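Summary of structural features
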Amino acid sequence: MIRLVKPNLKLKEEYLSFYEEWKRSGEDMVPWVISKDPSDFPKMLKSLSDNEEGVGLPEGIVSDSTFWLVDKSNRVLGAVNIRHQLTQHLYNTGGHIGYGIRPSERLKGYATKLLELSLSEAKKIGIKEVLVVCDADNVGSERTIIKNGGRADADYIEDDGNIIKRYWIEIV
């Protein structure tokens, strides 16, 4: 059974495996929250908890909730970060939900399930419609968003010319 769990100390080894695999891949760490250094694991967990509670956030940074996607053996397959509100920057390029699947587990339908489960968590936070974005060249992520009910909005073009595809998903 695939499910979302809050980051916790019991899953330290599984998470470190996830983190190290991603680092070895050389890819950008997505969502941004997985780039947090886990070498002091309790400190990382406290940081995630503080972010969710809005404790000590810098000016212009919103509260967010992080979950790990795990399988029945508690292997960490992916991660999601749900922003509780949108700043102008998040409205343009980040959205409410950022998610990623570990490189060795892609193309197995996990991203679609991760986003589906994330919508339920966003609803619990009180978000009625979520903005989810992806780079225009990330066809897999775009398909995942559309499978979960994404309705296209205007693209956003970053200063470097990168095109961000923007989609809204109504939570029912």
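1. Description of the overall build of the protein chain
- Counting its regular elements, the protein chain contains five helices and eight strands.
- The helix and strand sequence of the protein chain, counted from the amino end, reads β-α-α-β-β-α-β-α-β-α-β-β-β.
- Whereas a compact globule of 172 residues would reach a radius of gyration of roughly 16 Å, the protein chain reaches 15 Å, a difference of no more than 12%.
- Overall, the protein chain is about 40 × 35 × 35 Å in size when its C-alpha atoms are taken along their principal axes.
- Scored against the burial criterion, the 172 residues of the protein chain give a buried share of 47%.
- When contacts within the protein chain are restricted to residue pairs at least 6 apart in sequence, long-range pairs at least 24 apart make up 59% of them.
- Carbon and sulfur atoms form 51% of the exposed surface of the protein chain, whose accessible area is close to 9,200 Å².
- With 24 positive and 27 negative side-chain charges, the protein chain shows a separation of 7 Å between the mean positions of the two kinds.

2. Some remarks on helix α1 (residues 12-25)
- Here α1 contains 14 residues, and its C-alpha end-to-end distance of 20 Å stays within 8% of the 20 Å for a straight helix at 1.5 Å per residue.
- Inspection of α1 places Tyr15, Phe18, Tyr19, Glu21 and Trp22 among the buried residues, and these make up the whole buried set. The buried residues of α1 occupy one face: seen down the axis, they fall within an arc of 160°. Opposite the buried face of α1, at more than 90 degrees from it, the exposed residues are Glu13 and Arg24.
- Buried residues belonging to α1 abut α2 (41-53), β2 (64-70), β3 (76-83) and β4 (97-101).
- Positive backbone phi, at 80°, marks glycine 26, one or two positions downstream of α1.

3. Thoughts on unusual backbone geometry
- Omega for the peptide link from valine 30 to proline 31 comes to 0°, which places this bond in the cis form.
- Inspection of the secondary structure assignment puts proline 31 in the loop between α1 and α2.
- Even without being glycine, asparagine 74 reaches a positive phi, approximately 70°.
- Along the chain, asparagine 74 falls in the loop between β2 and β3.
- Of note, the phi angle at leucine 107 is positive, near 65°, even though the residue is not glycine.
- Its place among the elements puts leucine 107 in the loop between β4 and α4 (110-125).
- Residue classification places leucine 107 among the exposed residues on the basis of a relative accessible area of 90%.

4. Thoughts on the packing of aromatic side chains
- Counted according to the given criterion, the structure contains seven aromatic pairs.
- Aromatic side chains tyrosine 15 and phenylalanine 41 sit 6.0 Å apart centroid to centroid with 55° between the ring planes, which places their arrangement in the tilted category. Of this pair, tyrosine 15 sits in helix α1 while phenylalanine 41 is found in helix α2, placing the two residues 26 residues apart along the sequence. Of the two residues, tyrosine 15 and phenylalanine 41, both sit in the buried class.
- Over the ring of tryptophan 22 we find arginine 106, and its NZ or CZ is 5.1 Å from the ring centre.
- Geometry around tyrosine 91 places arginine 166 over its ring, the cationic atom sitting 4.4 Å from the centre.

5. Details of the nonpolar core
- Within the largest apolar cluster, 23 residues are counted, with the highest numbers of intra-cluster contacts made by Val80, Ile97, Tyr99, Val130, Val132 and Ile145.
- Elements supplying a minimum of two residues to this core: β2, β3, β4, α4, β5 (129-135) and β8 (163-170).
- For this core, the leading source of residues is α4, giving six residues.
- In this structure tyrosine 99 touches Val30, Pro31, Ala79, Val80, Ala111, Leu114, Leu115, Val132, Ser141, Thr144 and Ile145, once residues within four positions along its chain are discounted.
- Residues Ile34, Phe41, Leu48 and Ala79 belong to the second largest nonpolar core, which totals 17 residues.

The rules behind the values
- Residues numbered from 1 in each chain as written.
- Predicted model: local features only at pLDDT ≥ 70, side-chain atom pairs only at ≥ 80, totals over all residues.
- Heavy atoms only, no water.
- Helix = DSSP H or I, 4+ residues; strand = E, 2+ residues; numbered from the N terminus.
- Rg over C-alpha atoms; globule rule 2.2 N^0.38 Å.
- Buried < 20%, exposed > 50% of the residue type's maximum accessible area, 1.4 Å probe, protein only.
- Contact = heavy atoms within 4.5 Å.
- Areas by Shrake-Rupley, 256 points an atom, 1.4 Å probe, with all protein chains shown as cover.
- Lys, Arg positive; Asp, Glu negative; His and termini not counted.
- Charge placed at Lys NZ, Arg CZ, Asp CG, Glu CD.
- Expected span 1.5 Å × (residues − 1).
- Arc of directions from axis to C-beta.
- Phe/Tyr/Trp six-rings, centres within 6.5 Å; stacked < 30°, edge-to-face > 60°.
- Lys NZ or Arg CZ within 6 Å of the ring centre and 35° of its normal.
- Core = buried A, V, L, I, M, F, W, Y, C linked by side-chain atoms within 4.5 Å.

These figures capture arrangement, not role.
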